[in-house]
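# Examination of the molecular architecture
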Amino acid sequence: MSEIPAKASESEDPSEGARTRAVDGLASTVGGALAADGVQTGDAMWQSSPPGSIYDYIKVASFSIGPDGLVDQWSLRAEHLFGIPAERAVGMDPIEAFIDPHLRERGMRKMAEILDGREWTGVVPFRMPKDAEGGCGREGLAEVYVMPTRTEEGEKAAVCIVVDVRTLRSIETDLAASQAIFSQSPFGFLLIDPDLRVRRVNQRFASIFGGDVDDHRGKGVHDYLQRGEADRVAATLRRVLETGSSITDMHVTGFVPGSDERRHWSVNLYRVHSGSGRPIGIAWLGIDITARRAAAREAAAARRNLALLNEAGARIGNSLDLETTARQLLDVVVPGFCDLATVDLYQGLLVGDETPPGLADGSAELRRVAFASAVSDAPFAGAGVPVSVGAVHHYPFNSSCADALRTARPQTVPPEDGGLVQSTLAVPMVAHDTVVGLVQFARTKGSEPFGERDRDLAVELAARAAVCIDNARLYRREHERALILQRSLLPPGDPEASGLDIACRYLPGNANTGRPSEVGGDWFDVIELPGHRTALVVGDVMGRGLRAAVAMGELRTAVRTLAQLDLGPAEVLSQLDEIARGLGAPGGVQQATRAARRPREADLSEVYLATCVYAVYDSVTRRCTFANAGHLPPVLVEPGEPALMLDVPPGMPLGVGGEPFEEVEVELPEGALLALYTDGLVESRDHPLDEGLQAFVSALSDPAQPLEDVCDHVLNTLDTHHGEDDIALLMARVQGLPTESVGDWTLPREPRSVGRAREYARAQLLSWDMEPLVDTTELLVSELVTNALRYGEGEIRLRLLLDRTLVCEVWDSGLVQPRRRRARDTDEGGRGLQLVGLLSAAWGSRRTPRGKTVWFELPLPGGETTLTDPAEALLSLF
């Protein structure tokens, strides 16, 4: 060991660090001694601080050296520090006893200087002298401050103040750590003294209750809580201070400044002691659990509502009698959901009319068919004149009940002054978009008023009962079937797709017959595929009328089904070709296949032919793959370029069979316009096909306009009023997924890749400000990457795509598709894909040219679809 150099007081070296530390240490020591003894100095009394002293922790000792250089006085703290009693220490040479032999010569010179009247301070390594058995003592490092003194005889001596440096450094480290924990804690942290006054708070507590940290010093619990709650908390604090027993998860209720919302905290309390073991106060750690309590209440309410819905499903609808069904509804809701309830049905339903009159303004006559009360047998008195069961009545036009019947939306009925009822919901009974009656739910004073969740439950209960009641309604079957068929075959409006701006038009033809427009065989569709891809479909069944419409409906349904299997465009058309060939055969596809093997007389009336173009667009790569079955070529307009027809090889029409279909892949630039259409747009008796195609290409001269305007311009420019055929037009403007919305990583085939995948997913979501999705995404990514490690092959690729939803894809080279199975209660595994299915909005797998891709989709925060709680999903697996 080597001595750390120190400076004598006469030294000319400007470095005074060691001297300053020694002076500060001496001042602290002397101050502590005066404080301990209550010594009066000047006008101030130094007293021991209630929380204790730093000297309870710091090892400080003192001893004196006589004129002969030997120890002549030895303090009790020196005994504790060095472990040597006074009777043994007095008379020792401190240099010989505590300094290593190779440092003793320098020590002797320093001792001579000290006894010559010089002060000295420094850091000195020391070791304990040998004990009685000859064993060597421990080694240490001490900061020493030596002050010259004189004896009664005037001889020179010295007083030494010694501090254990290693203990001091340890205390400094602990103090810094304690300060960091206290100031950086995300929870409210307080120190309360024995007088139950706040001694210190952290910044988190001050940010909640206002002011600076120092503003809270000296306050009590009554300054933060209402009287009753403050008395309870104060009593608990005293008990903790007296007994030393800690308190865990004590719930405290109160308000914060500037808010009328009642807040709830979970508080942990424990007694704090000084270094000497004396109680000096209480530590308070508080966590805001307001949201947690609200969520617990919501969950309990949701469970109650679900139980009520289950009971309604089991009890309502066991009879086809209208009055019985209405009474079954009231038996379920009273008293479990409300205190009083009534059911009114349109009089027209009860007398057998096909369509209840007066649905537009809610003024039709109704009959009260059921009433139930948990508090009284008196008639319902929630709105207006009481109506008895069996009476026929109607509601005033301006009443809430009539408004509910008009709008088919639930309404709140204002309570009568001085009445028994305090909250009433008037809920229309709607079945298949038809209002069949009205049910009123009421709660009396003393019950909780109806909330939004209660409103939704009331609507669901009324809807279930309405469906059962609607079974008795008479419909004009032929007319209704025709309308239902037409609505089901017409394409949906306002389709949406990832990376595409979509606009579409459909004009049914009338063949100049003067009859209203009827559905033909033209159709289009926009189908969302996994991975923010989109399938664009336009097709045309040859012929018109019900036969063509039915064939079109079957083919369109088949296209959507095949698209969900994520087949390639050419394979989709091949499967459609088989389906089209089977439409005219009595036994379907299999019968048509067998019939094709033997000669048969063709019945042209049973031949179904159709043309179709099928395209799959990937918004990440902006590449689009086309396959064509005898349809007109797509038209592409690139920014700044004239429109052109894509060279997609036209295969044979669907239903012919025997010919394969080819695929063409095209990279679409950003802002490009793609148009798919049927022949009714470009061909008529007066305009040949080539002329119509040229006119269509010319009409796309200004593709930068909004797509809706472009569609209108095309239809207004071309001859679309010939009425000879249906017209379907589908336009899409390319808006590729931005690079910053894609996260793509390649992972090695090793167990550590699971953790890396979670880290990549978390970092990417946080960069997208999608923190609410982090936990769920990490969990599902972990499941999919683990499956890829266990059952897949080759390198693993993880990709996150952010658009209208969040899509996660895990790629590997294995060809085996994942299969979801239901694990038994005793199985240790097998629940990964079940968990993916529970937590995600959708999931699946698809084959790729080099393996497979397993994906899942999550809704974005703030949307209509809410995230499933991972904890509840895990519990539901068992």
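Refer to the structure printed above.
The structure reproduced in this document is the subject of the present report.

Definitions and limits used
- Residues numbered from 1 in each chain as written.
- Predicted model: local features only at pLDDT ≥ 70, side-chain atom pairs only at ≥ 80, totals over all residues.
- Heavy atoms only, no water.
- Helix = DSSP H or I, 4+ residues; strand = E, 2+ residues; numbered from the N terminus.
- Buried < 20%, exposed > 50% of the residue type's maximum accessible area, 1.4 Å probe, protein only.
- Contact = heavy atoms within 4.5 Å.
- Areas by Shrake-Rupley, 256 points an atom, 1.4 Å probe, with all protein chains shown as cover.
- 1 Å grid on protein atoms, 1.4 Å probe; cavity = no way out; pocket = protein on both sides within 12 Å on 5 of 7 lines; lining within 4 Å.
- Points joined across faces, edges and corners; volume = space filled by probe spheres on them.
- Nonpolar A, V, L, I, M, F, W, Y, C, P; charged D, E, K, R; others polar.
- Pairing = 2+ DSSP bridges.
- Axes fitted to C-alpha atoms, helices over the stretch in contact; angles between N-to-C directions.
- Salt bridge = Lys/Arg side-chain N within 4 Å of Asp/Glu carboxyl O.
- Disulfide = S-S within 2.5 Å.
- Expected span 1.5 Å × (residues − 1).
- Arc of directions from axis to C-beta.
- Polar contact = N/O pair within 3.5 Å; in protein donor to acceptor, adjacent residues only side chain to side chain.
- Parallel < 35°, antiparallel > 145°, perpendicular 65-115°, else oblique.
- Core = buried A, V, L, I, M, F, W, Y, C linked by side-chain atoms within 4.5 Å.
- Phe/Tyr/Trp six-rings, centres within 6.5 Å; stacked < 30°, edge-to-face > 60°.
- Lys NZ or Arg CZ within 6 Å of the ring centre and 35° of its normal.
- Left-handed = near helix turned anticlockwise from the far one by under 90°.

### Here we look at the overall build of the protein chain
Of the regular secondary structure elements, the protein chain holds 23 helices and 34 strands. Every one of the 878 residues in the protein chain was classed for burial, and the buried ones make up 45%. At a minimum sequence separation of 6, the contacts of the protein chain that also span at least 24 residues come to 61%. Counting only carbon and sulfur atoms, one obtains 51% of the accessible surface of the protein chain, whose full area is about 45000 Å².

### Structural notes on the layout of surface pockets
Counted as a void, the largest pocket has a volume near 1000 Å³. Mapped by element, the contributors of at least two residues to the lining of the largest pocket are α16 (569–583), β23 (610–618), β24 (623–629), β27 (663–667), β31 (796–802), β32 (805–812), β33 (842–848) and β34 (851–859). Of the residues forming the lining of the largest pocket, the biggest block, four residues, is contributed by β33. When the residues that make up the lining of the largest pocket are grouped by side-chain class, the tally is eight nonpolar, ten polar and 15 charged.

### What to know about empty space enclosed by the protein
As enumerated under the stated definition, the model contains two cavities of 30 Å³ or more in all. By volume, the largest cavity is sized at about 390 Å³. If you trace the largest cavity, you find 24 residues lining it, with I95, I99, W120, V124 and V144 closest to the centre. Of the residues forming the lining of the largest cavity, the biggest block, five residues, is contributed by helix α5 (residues 104–115). When grouped by side-chain class, the residues that make up the lining of the largest cavity number 20 nonpolar, one polar and three charged.

### Focus on the sheet that holds strand β29 (residues 727–734)
Sheet strands pair via backbone hydrogen bonds, and the direction of the pair is either parallel or antiparallel. With antiparallel pairing, the five strands of this open sheet are ordered in space as β20-β29-β28-β25-β26. Single-partner strands in this sheet number two, and they are β20 (500–507) and β26 (644–645). As paired elements, strand β25 (residues 635–637) and strand β28 (residues 673–677) share three bridges and run antiparallel to each other. Across the sheet, residue V635 finds its bridge partner in β28, namely A675. Across the face of the sheet, helix α18 (residues 689–699) comes into contact with β25, β26, β28 and β29 while running at roughly 150 degrees to β28. In the packing of helix α19 (residues 707–717) onto the sheet, the strands contacted are β20, β28 and β29, and the crossing angle to β20 comes to about 30 degrees.

### Quick look at the pattern of salt bridges
Two side chains carrying opposite charge are able to pair once their charged atoms lie near each other. If you walk through the whole model with that rule in mind, you get 32 salt bridges. Note that D214 and R217 form a salt bridge whose closest N and O atoms lie 3.3 Å from each other. According to the relative accessible area criterion, D214 is exposed, its value standing at 51%. Look at the salt bridges and you will find they share partners, linking R533, D566, R799, E809 and R846 into a network.

### Some details on the state of the cysteines
Applying the stated criterion to the full structure yields zero disulfides. With no disulfide of its own, C504 lies 7.4 Å from the sulfur of C711, the closest cysteine sulfur.

### Focus on helix α6 (residues 165–184)
A rise of 1.5 Å per residue sets the reference length of α6, with its 20 residues, at 28 Å; its end C-alpha atoms lie 28 Å apart and thus fit the reference within 8%. Within α6, burial applies to V165, T167, L168, I171 and F182. Buried residues along α6 cover an arc of 150 degrees about the axis, so they all sit on one side. Across α6 from its buried face, at more than 90 degrees, point the exposed residues R166, T173, I181 and Q184.

### Here we look at the sheet that holds β27
Strand order in the open sheet formed by five strands is β21-β22-β23-β24-β27, with antiparallel pairing between adjacent strands. If you trace the sheet from one side to the other, it starts and ends with β21 (522–529) and β27, each paired once. Strand-to-strand twist across the sheet, computed as the mean angle between neighbouring axes with direction ignored, equals 15 degrees. The sheet contact formed by strand β22 (residues 533–541) and β23 spans nine bridges and is antiparallel. Looking at the pairing, V537 lines up with Y614 of β23.

### Let's talk about the pairing of β27
Burial along β27 is one-sided: V664 and V666 are buried, while E663, E665 and E667, pointing the other way, are not. Relative to β27, β24 runs antiparallel, the two being bridged by five bridges. Paired with C624 across the bridge in β27 is V666.

### Side note on the side chain of D525
As for its placement among the helices and strands, D525 is situated in strand β21. A distance of 3.4 Å separates a polar atom in the side chain of D525 from a polar atom in the side chain of R556.

### Remarks on the packing of helix α9 (residues 290–315) against helix α13 (residues 452–470)
Look at α9 against α13: their axes get within 11 Å of each other, and the N-to-C directions meet at 10 degrees. Looking at the two axes, α9 sits roughly parallel to α13. Along the contact surface, α9 presents E298, A301, A302, N305, L308, L309, A312 and G313, while α13 presents R453, L457, E460, L461 and R464. A class-by-class count of the residues in the contact of α9 with α13 yields seven nonpolar, two polar and four charged.

### Re the nonpolar core
Membership of the largest hydrophobic core comes to 48 residues, with the highest contact counts inside it found for V333, F337, V343, M429 and F441. Here F441 is in contact with V333, F337, C338, L340, A341, S423, T424, L425, V427, F450 and A458, once residues within four sequence places are set aside.

### So, the packing of aromatic side chains
Taken as a whole and assessed by the stated rule, the structure comprises 13 aromatic pairs. Judged by centre distance (5.0 Å) and plane angle (45 degrees), the ring pair of F82 and F98 falls under tilted. Of this pair, F82 sits in helix α2 (residues 76–82) while F98 sits in helix α4 (residues 94–98); the two residues are 16 residues apart in sequence, bridging distant segments of the chain. Across the pair, exposure class does not vary: F82 and F98 are buried alike. By way of ring pairs, the aromatic residues F63, W74, F82, F98 and F126 are connected into one cluster. The aromatic ring of F337 is capped on one face by R443, whose charged end is 5.2 Å from the ring centroid. The ring of W811 has R846 sitting right over it, with the charged end atom 5.7 Å from the ring centre.

### Points about the side chain of T777
Structurally, the position occupied by T777 is in helix α21 (residues 774–791). When its relative accessible area of 0% is taken as the criterion, T777 is described as buried. Beyond its immediate sequence surroundings of up to four residues, T777 is in contact with A761, L765, L806, F856 and L858.

### Structural notes on α21
Note that an α-helix has 3.6 residues per turn; residues three or four places apart therefore point the same way. The end-to-end C-alpha distance of α21, which contains 18 residues, comes to 26 Å, matching closely the 26 Å that a straight helix rising 1.5 Å per residue would cover. For α21, the full list of buried residues reads V774, T776, T777, E778, L780, V781, S782, L784, V785 and A788.

### What to know about the packing of α21 against helix α22 (residues 832–839)
At a closest axis distance of 10 Å, the pairing of α21 and α22 adopts a crossing angle of 145 degrees. The interaxial crossing formed by α21 with α22 has left-handed handedness. Between α21, through T776, L779, L780, E783, L784 and N787, and α22, the contact on the second element is made entirely by G832, L833, L835, V836 and L839. Among the residues making up the contact of α21 with α22, the classes are represented as seven nonpolar, three polar and one charged.

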